[in-house]
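The chain contents come next:
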Amino acid sequence: MLLRVHSIETLGALDGPGIRTVVFLQGCPLRCGYCHNPDTWSYEAGKMMTEDELFRRILRMKPYFKDSGGVTFSGGEPLRQAPALLSLMHRLKKEEIHMAIDTSGAVWSQAVDEVIHLADLILLDIKHTNADAFFQLTGGQLKQVLEFLDVLKRDAIPYWIRQVTIPGITDSEAQIEQLGKITASDSRERIELLPFHKMGMTKWEKLGISCPLADVAPMSAAVTEQLQIYLSNI
Amino acid sequence: MAWNGFVKGNWCESIDVQNFIAVNRTPYVGDQSFLEASTARTDRLMAYFNALKKEEAKRGGVLDIDTERVSSLLSYPKGVMAGYDEIIFGLQTDQPLKRGVNPFGGIRMARQACEAYGYQLSDTVEEHFKYKTTHNEGVFRVYSDEIKAMRKAGVITGLPDAYGRGRVIGDYRRIALYGVDYLIEQKRIDKKRIADGPMLQHTIQLSEELYKQIDFLKKLKAMAAEYGHDIGKPAVDTVEAVQWTYYGYLAGIKEQNGAAMSLGRVSTFIDIYAERDMAEGRYDEKAIQEIIDDFVIKLRMARQLRTPDYNELFAGDPLWVTEAIGGMGLDGKTLVTKTSFRFLHTLTNLGPAPEPNMTVLWSNDLPEGFKKYCAELSILTDAIQYENDDLMRPLYGDDYGIACCVSAMKIGKDMQFFGARSNLPKTFSIALNGGYDTMTAMQIGPAMQVMDDEVLDFDKVWARLDSYLEWLCDKYVNTMNIIHFMHDKYAYEKTQMALHDTEVHRYMAFGIAGLSVLTDSLSAIKYASVKPIKNAQGYITDYEVTGDFPKYGNDLDEVDSIAVALTDSFIEKLKKHETYRQAEHTVSILTITSNVVYGIKTDNTPDGRRKGMPFAPGANPMHGRDKNGALASLNSVAKLSFDSCRDGISCTFSITPHTLGTVIDTQSENLVNIMDGYFGQQAHHLNVNVLNREKLVDAMENPDKYPNLTIRVSGYAVNFNQLSRRQQEEVIQRTYHEQL
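Calculation notes
Residues numbered from 1 in each chain as written. Chains lettered and ligands numbered in written order. Predicted model: local features only at pLDDT ≥ 70, side-chain atom pairs only at ≥ 80, totals over all residues. Helix = DSSP H or I, 4+ residues; strand = E, 2+ residues; numbered from the N terminus. Rg over C-alpha atoms; globule rule 2.2 N^0.38 Å. Contact = placed C-beta atoms within 7 Å. Buried ≥ 20, exposed ≤ 12 C-beta atoms within 10 Å, placed from the backbone. Domains from an automatic or database assignment. Nonpolar A, V, L, I, M, F, W, Y, C, P; charged D, E, K, R; others polar. Pairing = 2+ DSSP bridges. Axes fitted to C-alpha atoms, helices over the stretch in contact; angles between N-to-C directions. Parallel < 35°, antiparallel > 145°, perpendicular 65-115°, else oblique. pLDDT = per-residue confidence, 0-100.

Asker: Explain the overall build of chain B to me, please; I cannot follow it from the model alone.
Answerer: When helices and strands are counted, chain B shows 27 helices and 21 strands. Computed over its C-alpha atoms, the radius of gyration of chain B comes to 25 Å, within 12% of the 27 Å expected for a compact globule of 740 residues. If you line up chain B on its principal axes, its C-alpha atoms span 80 × 65 × 50 Å. Long-range contacts, defined as pairs at least 24 residues apart, comprise 80% of the intrachain contacts of chain B with a sequence gap of at least 6.

Asker: Please clarify how the overall build of chain A should be interpreted in this entry.
Answerer: Along chain A, the regular secondary structure elements total nine helices and eight strands. Computed over C-alpha atoms, the radius of gyration of chain A comes to 17 Å, within 12% of the 17 Å expected from 2.2 N^0.38 for 234 residues, which places it in the range of a compact globule. By principal-axis analysis of the C-alpha atoms, chain A measures approximately 45 × 45 × 30 Å. Of all 234 residues assigned to chain A, the portion counted as buried reaches 44%. For chain A, contacts bridging at least 24 residues in sequence account for 75% of all contacts bridging at least 6.

Asker: Help me understand the domain arrangement of chain B, please; the structure alone is not making it clear to me.
Answerer: Accessible area lost when the parts come together is the quantity often used to give the size of an interface. All names here are of chain B. When its domains are assigned, chain B resolves into domain 1 (136-162 + 414-649) and domain 2 (180-233). When each unit is reduced to the centre of its C-alpha atoms, the spacing between domain 1 and domain 2 is 40 Å. With six residues of domain 1 at the contact, the number on the domain 2 side is eleven residues. Looking at side-chain class alone, the side of domain 1 that touches domain 2 contains three nonpolar, two polar and one charged residues.

Asker: Where do I start with the environment of K489(B) in this structure?
Answerer: Tracing the backbone shows K489(B) in helix α18 (residues 458-490). Taking the C-alpha atoms as reference points, K489(B) and R342(B), separated by 147 residues in sequence, lie 40 Å from one another.

Asker: Just to check I follow, could you spell out the sheet that holds strand β6 (residues 121-125) of chain A for this structure?
Answerer: Backbone hydrogen bonds are what pair the strands of a sheet, in a parallel or an antiparallel way. All names here are of chain A. Pairing in this open sheet of eight strands is mixed, and the strands run β3-β1-β2-β4-β5-β6-β7-β8 from one edge to the other. Two strands in the sheet have a free side with no partner beyond their single neighbour: β3 (47-50) and β8 (188-195). Adjacent strand axes in the sheet meet at a mean angle of 30 degrees, parallel and antiparallel pairs treated alike. In this fold helix α9 (residues 221-232) packs onto β7 (159-165) and β8, with an angle of close to 155 degrees to the strand it touches most, β8.

Asker: Is there a simple way to think about the interface of chain A and chain B in this case?
Answerer: At the junction of the two partners, chain A supplies 18 residues and chain B supplies 20 residues. Those elements giving two or more residues to the side of chain A that touches chain B turn out to be β1 (2-12) and α2 (62-65) of chain A. At five residues, β1(A) tops the list of elements feeding residues into the side of chain A that touches chain B. The residue makeup of the side of chain A that touches chain B, split by class, is nine nonpolar, six polar and three charged.

Asker: Where do I start with the packing of helix α2 (residues 40-58) of chain B against helix α12 (residues 285-300) of chain B in this structure?
Answerer: For any two helices packed against each other, one specifies the crossing angle of their axes together with the interaxial distance. Residue and element names in this part refer to chain B. Across the interface, α2 lies against α12 with an axial gap of 11 Å and an inter-helix angle of 10 degrees. As far as their axial angle goes, α12 and α2 are roughly parallel. Of the residues in α12, those touching α2 at T42, L45, M46 and F49 are E290, D293, D294 and I297. Grouping the amino acids of the contact of α2 with α12 by side-chain chemistry returns four nonpolar, one polar and three charged.

Asker: What's the story with the sheet that holds strand β5 (residues 357-362) of chain B in this structure? I'm lost.
Answerer: Residues and elements named next belong to chain B. One open sheet accounts for five strands, arranged β4-β5-β6-β19-β18; its pairing is mixed. Taken across any chain shown, the strands that pair with only one partner, and hence form the sheet edges, are β4 (322-326) and β18 (652-655). Geometrically, the sheet is characterised by an average inter-axis angle of 30 degrees between neighbouring strands, direction not taken into account. Judged from the four bridges that link them, β18 and strand β19 (residues 685-690) form a sheet pairing that is parallel. The residue of β19 that forms the bridge with I655 is V690.

Asker: Help me understand the confidence of the model for chain B in this model?
Answerer: If pLDDT is low for a region, its predicted coordinates should not be looked at in detail. Taken residue by residue, chain B gives an average pLDDT of 95. The fraction at 70 or more is 100%. Of the two predicted TM-score estimates for the complex, the pTM is 0.96 and the ipTM is 0.94.

Asker: I keep staring at unusual backbone geometry and nothing clicks. Help me out?
Answerer: Glycine aside, residues mostly have negative phi angles, and peptide bonds mostly take the trans form. Geometrically, the link from G75(A) to G76(A) is a cis peptide bond, its omega value of 10 degrees lying close to zero. The residue after E355(B), namely P356(B), is reached through a cis peptide bond having omega -10 degrees. One non-glycine residue, D317(B), lies in the positive phi region at around 60 degrees. Tracing the sequence through the fold places D317(B) in the loop between α13 (308-313) and β4. On the neighbour-count criterion, D317(B) (19 C-beta atoms within 10 Å) is partly exposed. Phi at A441(B) is positive, roughly 55 degrees, even though this residue is not glycine. With respect to the helices, strands and loops of the structure, A441(B) is situated in the loop between β11 (436-437) and β12 (442-443).

Asker: Sorry if this is basic, but what is going on with the pairing of strand β2 (residues 20-25) of chain A here?
Answerer: Two faces make up the sheet, and in a regular strand the side chains alternate between them. All names here are of chain A. Of all six residues in β2, six are buried; the element is thus mostly enclosed. Of the two faces of β2, the one carrying R20, V22 and F24 and the one carrying T21, V23 and L25 are both buried. Here β1 runs beside β2; their pairing, made up of five bridges, is antiparallel. From the neighbouring strand, G12 faces β2, where its bridge partner is R20. Sheet analysis places β2 next to strand β4 (residues 70-74), joined by five bridges and oriented parallel. Counted as the bridge partner of V22 is T72 from β4.

And the structure:
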């Protein structure tokens, strides 16, 4: 099986526990206005890699994983390539490699269902908790994400909830409170807010597309931290 | 009396410091919570030292020079820092930070160094050296025209032929454990034993050396006596153990101005005294830390007088006061003790600094508390380097030290003949051009036709390169033999060798610069299409590359194997040539800051590097070519075989704090895992920098804001402000592993 890969980052420490090899898979159905990797959107770009090659590359990083790290499939939307991913994950499972999926939860299929049950951890990025605002921000449907979340809750699949805090869009206490409430369950291990930054803006310019959030200021880390505390107390 | 309370062993019968440590140390497996802050006395002394350093920087990097005397053990009146209640005594000259002149390596260097800072070497010294042959003069009496040309063109550079070779580590602990009188007695016995055998060239040489060793042990004793200490006898407590050890080191740097003057491996040795004295109630934790702090201040004050040219090669006034810390014992228990922590803790108590060159011997089996503490300090100070104890211990036992940056040697049993490094990318250009160097327009190597293929063929290029590497290795060994014959003859390390066994094992340490440049160049020829471009005279000076090719630093075997093959072939070629005193050939992949100078001397290369641009340091992949993140990059370096590069494989790793995690606790855990993972693959060395590029850019513009900004470069740490602008820019250009 072939996978379309944008890039591989062998030293990730932010997307899952411990040291992560982050495989950025190419292609995404959403068009988030704040995306810092718009170059991962297209289904045609990137580089085709065989399952074997990816398997071998990930295995080379095993010495660094110790008892906490592993591989994180990110994107793009990794679940768009669920069938090929599934086959790779079965092999990684045999090697006892911890696997995380960094997803928007916006796609569903039989293969997706299998992938998330095989994974050790799901990093679910909920862009917004209001359906209209979600659509406006991403071009996708919140309903699909909530159904995805329900499966995680129902089957007690460990997950982290993440959201990018954007000034004037997701930074209201009401929105954040809603995020805390709808995502709560015993298998939620962590919930974290990530401040909106503009370091991906040059990529938009390079691709010749205009960024709808180009005029929005970056989110203050200090304010985000306060909101995180607010969230933890819900 | 001095040995009361110590467990007896072989060390009581003959000189055997390893055994003393093995049977007496107290392994410590806890965390850093026992450590004490600096005392008011230490802070006051440190403030004075900082003021002196500021003045030194203001005066162009040299505070003062004694131009009247020649530096040696008894040249200067005793130096003290009056009014500061020193605990550990002894300065290199009569005043702190005042530099002595050491013309034994070469009088011209000494003269130029004085002039560079507005001083003039006195007539007395000039007159004296009129009647004395220096090491430098000896070497140039014998160098062939060909060697001179190779040296001038920069095929081999940084050779210790005009300054002390350094890289010799005296076992300074012997003074504390046995006292100098016993050491003299043992040397006399050795001398007599040799005299009883046949007197031939090598035994006569050794016998004369023993005479000099004994003579300097006496001088060492006299030097200490000026401070009121009788080091003829063993040290009786912790202060004396540190003081006696330091006198040995001090004598070494008064006598020799070698590039790298390592301290060795003293912290766990000192810990044995500290444990005993604390148990007997003589000192508490605060007092012990104060002794270590004072000792480290003294080590930070070590200086040598250098020329501006020298500073280009080894920037930042380094001395490589390398202290090897930690590691595991052959008995399976750790060699980490509380004093291992106390040594590292000086980075907190006295602030970050490049010296002493803190070198942690990393083992998978090190206590977790120690691993985590080291990682935390690395994140906070960028002042520590790590070397693989699991790789070295089987070869060097558990009492080896690190000479300079990465060269392992058994303390008091091994020494090395330092040989700087050869420029491989330049050798490649010379090979393609049939022995002609386009940078100096000189025929340097054996004459052959310029390679005339329209598109370079890998096998043909490899064969051509191979024959020129044979030539290089042949001449390189000859050059080293000459240098070290002359150094032994005219600038022998009398004090330091007196603190070795009489029969030592010798290494001859060769070096490689530009490994990643040459590897990628060969990869381009193998996997892409490379057309040579010739100048008007018909020599190849540039290349047209079509297509992509795999680059070293991405964990790709198809290119990493080229780097491995190059290093394997280099040592094999060197070993074909006989060495002076039957020294064992070794190779290092280490550049210090000379990767900048080597780049300046090298034409365009097929990897896309332009003429004059710097190489990557040490064994690092070229800047910006490692596209798969830090660990893929480390995996490439880990493939190089330590068997082929026994003198060390240096890798410098720079990462932003955020990439390691969001809080220091996670960051240090992740850093520990990175090191376990890297060293677990038989990798040898890692410099760790955890910092933001923006900070360095800011420091370049506003040096006053960052007086203590320390960073690790190839094999050592340096104060960022002491680098030249060009070197600073090169450091900033390097790959910073970063995840947004």
